[in-house]
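# Inside the fold
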Amino acid sequence: MPAVVIAATNLMSALQERLAGEGELLTFADTEPIQALQAILEQRPSLIVLERLFAATPRGAALINRIKTDPQLGNAEVRVMSHTGDYSRQVATPSKVEAPAQAAGGASAAHPGTSGVAIVEPAKPLDWQGTRRAPRYRVRPGVEIQVDGNPASVVDLSTVGVQVLSSTILRPNQKVRVSIPNDDFVMRFRGAVAWAKFELPKPNDPPRYRAGVDFADADPAAVDDFCTKVKV
């Protein structure tokens, strides 16, 4: 069974040299996390290697977390390795999983003076950054709004913010325009992305961004009326 290796194209050959004793290698560029995940789910390799720079990105963190949550991959060892030097760290075993440290807003980041890898803690609420300043309602499936002119599925909603799933990139602190349809008119106002994270959902589903958006100048009464209509 080949080991799966994921690294930037220009770093792959150096990493392959470090893995010369691991047998057959199945390699993927760092721009191919979906293809790599598909191969991992099909092959169920005993060894998965992420180049250190890729592991410190949101996509690298999402891939490690995806492996963590799949019981069929419980026997996979995940290593983060540098293409140079002798850095190598086991970040996932059947009993312990680690992932790149999360910076504020959900982005992964290596901190100066550390390895850039931290033990995954139990998941916090999706808006643990403090966006829940008002009662928040789950909405029925299929409810969409526009964020910067792009459709986004609503997960939950309040008079001060919304949690969405979007195929379009959303980044923390990004200023956005929000449009919400409400009967015979459309509410339009400004907002800002409070937090965002990249997700790799189930196989055959496209990658997406989950984000919390704070409303800046929305009409609370109009948004509350919309919440009443779409909440479950």
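Described below are features of the structure shown in this document. Quantities reported herein were computed from a predicted structural model and do not represent experimental measurements. (Residues numbered from 1 in each chain as written. Predicted model: local features only at pLDDT ≥ 70, side-chain atom pairs only at ≥ 80, totals over all residues. Heavy atoms only, no water.)

Any two side chains of opposite charge can pair if their charged atoms end up close together. In the structure shown here, the tally under the stated rule is ten salt bridges. R177 serves as the salt-bridge partner of D148, at 3.8 Å between the closest nitrogen and oxygen. Separated by 29 residues along the polypeptide, D148 in the loop between strand 9 (144-147) and strand 10 (150-157) and R177 in strand 12 (residues 175-182) bring together distant segments of the chain. For R177, a relative accessible area of 52% gives the class exposed. A network of salt bridges, in which partner residues are shared, links K197, E199, R208 and R210. (Salt bridge = Lys/Arg side-chain N within 4 Å of Asp/Glu carboxyl O. Helix = DSSP H or I, 4+ residues; strand = E, 2+ residues; numbered from the N terminus. Buried < 20%, exposed > 50% of the residue type's maximum accessible area, 1.4 Å probe, protein only.)

With that out of the way, let us pick up the pairing of strand 3 (residues 47-51). Here strand 3 lies mainly inside the structure; five of its five residues are buried. Alternating residues of strand 3 divide into L47, V49 and E51 and I48 and L50, and every residue in both groups is buried. Where strand 1 (residues 3-7) and strand 3 come together, three bridges link them in parallel fashion. Pairing of V4 across the sheet is with I48, part of strand 3. Bridging between strand 3 and strand 4 (residues 77-81) involves five bridges; their strand directions are parallel. Each residue of the ladder has a partner; that of V49, found in strand 4, is R79. (Pairing = 2+ DSSP bridges.)

Another point: the nonpolar core. Formed by 26 residues in total, the largest nonpolar core has its most connected members in I145, L157, V162, V178, I180, F189 and F215. Of all the secondary structure elements, the ones that give two or more residues to this core are strand 9, strand 10, strand 11 (161-166), strand 12, strand 13 (185-199), strand 14 (208-215) and helix 5 (220-230). Residues in contact with F215, not counting those within four places in the same chain, are L157, S158, T159, V160, G161, V162, V178, I180, F189, R190, G191 and V223. Counting residues in hydrophobic clusters, the runner-up holds 25 residues, among them I6, F28, I40 and I64. (Core = buried A, V, L, I, M, F, W, Y, C linked by side-chain atoms within 4.5 Å. Contact = heavy atoms within 4.5 Å.)

As a further point, take the packing of aromatic side chains. Throughout the structure, instances matching the rule amount to two aromatic pairs. For the pair F189 and F215, a centre-to-centre distance of 4.8 Å together with 70 degrees between the ring planes defines the contact as edge-to-face. Placement of the pair is F189 in strand 13 and F215 in strand 14, with a sequence separation of 26 residues. Exposure class is identical for F189 and F215. Each is buried. (Phe/Tyr/Trp six-rings, centres within 6.5 Å; stacked < 30°, edge-to-face > 60°.)

Among all positions in helix 1 (residues 9-18), only L11, M12 and L15 are buried. Across the axial projection of helix 1, the buried residues extend over an arc of 120 degrees, all falling on one side. Facing away from the buried surface of helix 1 by more than 90 degrees, the exposed residues are N10 and E17. On its buried face, helix 1 is in contact with strand 1, strand 2 (25-29), strand 3, helix 3 (52-55) and strand 4. (Arc of directions from axis to C-beta.)

Turning our attention to the side chain of Q163. Note that Q163 resides in strand 11. Residue Q163 is classed as buried on the basis of its relative accessible area of 3%. Reaching out from Q163, the side chain makes a polar contact with the side chain of R210 at a distance of 2.9 Å. (Polar contact = N/O pair within 3.5 Å; in protein donor to acceptor, adjacent residues only side chain to side chain.)

So, about the packing of helix 2 (residues 33-43) against helix 4 (residues 58-68). For the pair helix 2 and helix 4, interaxial distance at closest approach is 11 Å and the crossing angle is 15 degrees. Considered as vectors, helix 2 and helix 4 are oriented roughly parallel to each other. The two elements helix 2 and helix 4 cross, and the hand of that crossing is right-handed. Mapping the contact onto sequence places P33, L37, I40 and L41 in helix 2 and R59, L63, R66 and I67 in helix 4. Here the contact of helix 2 with helix 4 is composed, by residue class, of six nonpolar, no polar and two charged. (Axes fitted to C-alpha atoms, helices over the stretch in contact; angles between N-to-C directions. Parallel < 35°, antiparallel > 145°, perpendicular 65-115°, else oblique. Left-handed = near helix turned anticlockwise from the far one by under 90°. Nonpolar A, V, L, I, M, F, W, Y, C, P; charged D, E, K, R; others polar.)

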